[in-house]
Amino acid sequence: MTDIIGRYAPSPTGDLHFGSLVAALASYCHAKARGGLWRLRIDDLDTPRVVPGSAERIVETLYAFGLKPDGPIMSQSRRGPAYDAAIAQLKRQGNAFDCGCTRREARQGPPGDEGPIYPGTCRDGLPAGREPRSIRCRVDDRSIRLVDAVQGPVAQSLGRAVGDFVIRRADGITAYQLATVVDDAAQGITEVVRGVDLLTSSPRQRWLQQCLALPTTAYLHVPIIVDDRGEKLGKSTGALALDRRRKRELTWHGLALLGHRPPVTPEARSTSWLLDWALAHWCVERIPQKSAVSLNAV
Ligand code: GLU
């Protein structure tokens with residue numbers, strides 16, 4: 001029995017692109033190189049952004065690239081009762097409150113790391129005559145500290161950087177931070193590996209784990225891949241969609257950008273050989289400790 005469980009959690013808002021492959025390779029290798037399991041979850045909560053058919057195409061593409069998940073694939077759209085239970089627990093404990101502010105009202109606070117900090121209007125109860133719209137998690141000024149396996153130490157005061165954050169949106173959709181924490185715990189995840197653009201979400205997720213008395217996860221954030229103009233590769237960058245006919249070359253390139261440059265030998269002709277090589281040589285210290293790496297860096 002292994003005690004290492006990694007995961008990959010794409011949002012089905014389009015097809016996988018090369019940047020997604022790099023994150024998937026990192027999470028796969030980081031779990032499998034240490035004899036762990038690798039799970040897959042489809043983050044399909046944000047229904048207005050879901051592109052029909054993309055979840056199926058993402059799964060097929062991962063299989064085609066040899067990235068086969070262990071166990072059943074979880075879909076967030078089927079997890080409503082688990083999120084409701086977590087939100088009820090947070091409210092019972094005083095860690096969450098109903099908020100009646102419109103988006104505009106909620107943005108009246110001082111500037112924070114990700115836009116204005118919630119001004120605290122409803123944290124001690126809804127003002128008279130206000131209807132609940134969203135639900136927020138209450139935070140304080142204490143520093144949340146964690147050590148990312150690649151990016152190093154992270155310390156953030158949620159009160160000063162983000163403020164009381166939304167866990168259920170006004171449209172009724174459970175927010176990313178809460179769903180992630182509840183599902184990571186349900187899937188037994190020990191290692192969260194993803195793109196560095198989500199690094200600043202980690203303190204909020206650690207806080208929710210503490211409030212819900214869930215096990216804490218380890219974090220590893222890989223650099224995002226940028227094009228030659230320094231722009232993050234997007235799902236819209238059609239040229240970088242994952243063409244299965246080029247899977248060996250794309251896998252080689254992705255591993256090389258993660259600091260694991262496989263040898264170019266006759267055996268390196270298959271994708272499965274490249275993956276086996278990566279598992280045998282996986283070493284976190286080789287991953288560039290950067291927030292972005294250019295597609296052309298290797
Ligand atoms: N679903 C998120 C995304 O595709 C990633 C979530 C996570 O890894 O925590 O950007």
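All values derive from a computational prediction rather than experimental measurement. (Residues numbered from 1 in each chain as written. Predicted model: local features only at pLDDT ≥ 70, side-chain atom pairs only at ≥ 80, totals over all residues. Heavy atoms only, no water.)

*Asks:* Any chance you could break down the environment of R142 for me, citing the residues and the numbers?
*Replies:* Structurally, R142 can be placed in the loop between β7 (134–137) and β8 (143–148). For R142, a relative accessible area of 55% translates into the label exposed. Side chain to side chain, R142 and D140 meet in a polar contact 2.5 Å long. (Helix = DSSP H or I, 4+ residues; strand = E, 2+ residues; numbered from the N terminus. Buried < 20%, exposed > 50% of the residue type's maximum accessible area, 1.4 Å probe, protein only. Polar contact = N/O pair within 3.5 Å; in protein donor to acceptor, adjacent residues only side chain to side chain.)

*Asks:* Would you mind going over the site of the ligand in detail, with residue names and values included?
*Replies:* Contacts to the ligand come from R7, A9, P10, S11, D43, Y176, T180, R194 and L198. The contact in question runs from a nitrogen atom of the ligand to an N or O atom on the side chain of D43, over 2.8 Å. Relative to its unbound accessible surface of 300 Å², the ligand loses 77% to contact with the protein. Considering only residue class, the shell around the ligand consists of four nonpolar, two polar and three charged. (Near = heavy atom within 4 Å. Areas by Shrake-Rupley, 256 points an atom, 1.4 Å probe, with all protein chains shown as cover. Nonpolar A, V, L, I, M, F, W, Y, C, P; charged D, E, K, R; others polar.)

*Asks:* Account for the packing of aromatic side chains, with residues named and values stated.
*Replies:* Tallied over the entire structure, the rule returns three aromatic pairs. For the ring pair Y8 and W38, a centre distance of 6.3 Å and an interplane angle of 15 degrees mean the geometry is stacked. Here Y8, found in strand β1 (residues 5–8), pairs with W38, found in strand β2 (residues 37–42); they are 30 residues apart in sequence, far enough to count as distant. The class for Y8 is buried, based on a relative accessible area of 8%. Residue classification places W38 among the buried residues on the basis of a relative accessible area of 0%. The interplanar angle of 35 degrees and the centroid separation of 6.1 Å between the aromatic rings of F97 and Y118 together place this pair among those described as tilted. Placement of F97 in strand β4 (residues 96–99) and of Y118 in the loop between β6 (115–116) and β7 is noted, with a sequence separation of 21 residues between them. An aromatic cluster is built from Y8, Y28 and W38, whose rings are joined through pairwise contacts. Seen from the ring of Y118, R136 lies directly overhead, with NZ or CZ sitting 4.0 Å from the centre. (Phe/Tyr/Trp six-rings, centres within 6.5 Å; stacked < 30°, edge-to-face > 60°. Lys NZ or Arg CZ within 6 Å of the ring centre and 35° of its normal.)

*Asks:* Run through the environment of T251, naming residues and quoting values.
*Replies:* Here T251 lies in helix α8 (residues 247–257). Considered as a pair, T251 and A213 are 38 residues apart in the sequence and their alpha carbons are 38 Å apart. Those residues in contact with T251 that lie beyond four places of it in its chain are L21, L25, F65, T271 and L274. From its side chain, T251 meets the backbone oxygen of K247 in a polar contact 2.7 Å long. (Contact = heavy atoms within 4.5 Å.)

*Asks:* I'd love a proper account of the pairing of β2, names of residues and values included.
*Replies:* Of all six residues that make up β2, five are buried, and the element is covered over most of its length. Here four bridges tie β1 to β2, and the two strands are oriented parallel to one another. Directly across from G6, in β2, lies its bridge partner W38. Relative to strand β3 (residues 74–75), β2 is paired through two bridges, and the arrangement is parallel. Within β3, the residue paired with R41 across the bridge is M74. In this region the chain leaves β2, passes through helix α2 (residues 54–64) and returns to the parallel neighbour β3; the handedness of that crossover is right-handed. (Pairing = 2+ DSSP bridges. Right-handed = clockwise from strand over helix to strand, strands pointing away.)

*Asks:* Account for helix α3 (residues 80–92), with residues named and values stated.
*Replies:* The periodicity of an α-helix, 3.6 residues per turn, causes residues three or four positions apart to be oriented the same way. Over its 13 residues, α3 extends 18 Å from the first C-alpha to the last, a length consistent with the 18 Å expected when each residue adds 1.5 Å. Every buried residue belonging to α3 is among Y83, A86, I87 and L90, and all of these are buried. One face of α3 carries all of its buried residues, which in axial projection span an arc of 95 degrees. Exposed residues on α3 whose side chains face more than 90 degrees from its buried face are P81 and R92. (Expected span 1.5 Å × (residues − 1). Arc of directions from axis to C-beta.)

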